Amino acid sequence: MALVLSLCATMSAMAQVTAPEPEFSEETMLLTSDSEGVILKRENGYVKTKAGASLYLTGIGKVKSRLTIDGNKSLSSIKAGRTARLILRAKDNTTDPNSFINIFKFDIYKNKERRYQLAEVGTLSASKTSNLASVDFKAKKYGESSYLIQLEDLEPGEYGIIIGDPDNANTKNGMKVTTFTVE
């Protein structure tokens, strides 16, 4: 019964939205009310790969690759404890959004950059790769070519969204990351 009530409340909250779709594909709007929102900034990310000191000294150790963005904070923010709602415009909205929309939480490093570990390889251990989609979300079709995304119970911190192209590789935007802060 509680699950049914929770599902009904979620669908009701998503059904009230009347905000316009973002103008361009791959833009994301953070809703500030049911009828208004702000377009989130897309930042340039890059991959940093670093080996541990022990690898240089003994030949045994690990190498880590991280998606990195300069700066310790996004320009857009929401309050913690609140449900975050996003409208993300895609080429169309016929593909399951969980297959190409990746939402994840960054770690802050030395208060100067945001980073997310992509892979780790050790000389005496198996390699590990991370799944960028580390934050669960609910989504439904919205408008002509967008998705209404709902994020529940986000912890304070820095978040990123990478939008893949479900039809083919989009190499130009491979390191473009939409960012926001939960305060």
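These numbers come from a predicted model, not from an experiment.

1. A word on the sheet that holds strand 7 (residues 84-89)
Strand pairing in a sheet relies on backbone hydrogen bonds. The paired strands run either parallel or antiparallel.
No. 1: Taking strand neighbours across the sheet as the criterion, the five strands line up as 2-1-7-13-12 in an open arrangement whose pairing is antiparallel. The sheet is open, and its two borders are formed by strand 2 (37-39) and strand 12 (138-142), each paired with just one other strand. Pairs of neighbouring strands in the sheet enclose a mean axial angle of 25 degrees, with direction left out of account.
No. 2: Where strand 1 (residues 28-31) and strand 7 come together, three bridges link them in antiparallel fashion. Across the sheet, the residue bridging to Met29 is Ile87, located in strand 7.

2. Examining the nonpolar core
No. 1: Ranked by internal contacts, the top residues of the largest apolar core, which has 21 residues, are Ile101, Ile103, Ile149, Leu151, Leu154, Ile161 and Phe180.
No. 2: Elements supplying a minimum of two residues to this core: strand 7, strand 8 (101-105), strand 13 (146-151), strand 14 (157-163) and strand 15 (176-182).
No. 3: Setting aside anything within four residues of it in sequence, one finds Ile161 in contact with Thr28, Leu86, Leu88, Ile101, Asn102, Ile103, Phe104, Lys176, Val177, Thr178 and Phe180.

3. Brief notes about the pairing of strand 8
No. 1: Summarising burial for strand 8: four of the five residues are buried, a large majority.
No. 2: Two strands pair when backbone bridges link them, and strand 8 and strand 14 are joined in this way by five bridges, in the antiparallel orientation. By the bridge assignment for strand 14, Ile101 is matched with Ile163.

Conventions adopted
Residues numbered from 1 in each chain as written. Predicted model: local features only at pLDDT ≥ 70, side-chain atom pairs only at ≥ 80, totals over all residues. Heavy atoms only, no water. Pairing = 2+ DSSP bridges. Helix = DSSP H or I, 4+ residues; strand = E, 2+ residues; numbered from the N terminus. Axes fitted to C-alpha atoms, helices over the stretch in contact; angles between N-to-C directions. Core = buried A, V, L, I, M, F, W, Y, C linked by side-chain atoms within 4.5 Å. Buried < 20%, exposed > 50% of the residue type's maximum accessible area, 1.4 Å probe, protein only. Contact = heavy atoms within 4.5 Å.

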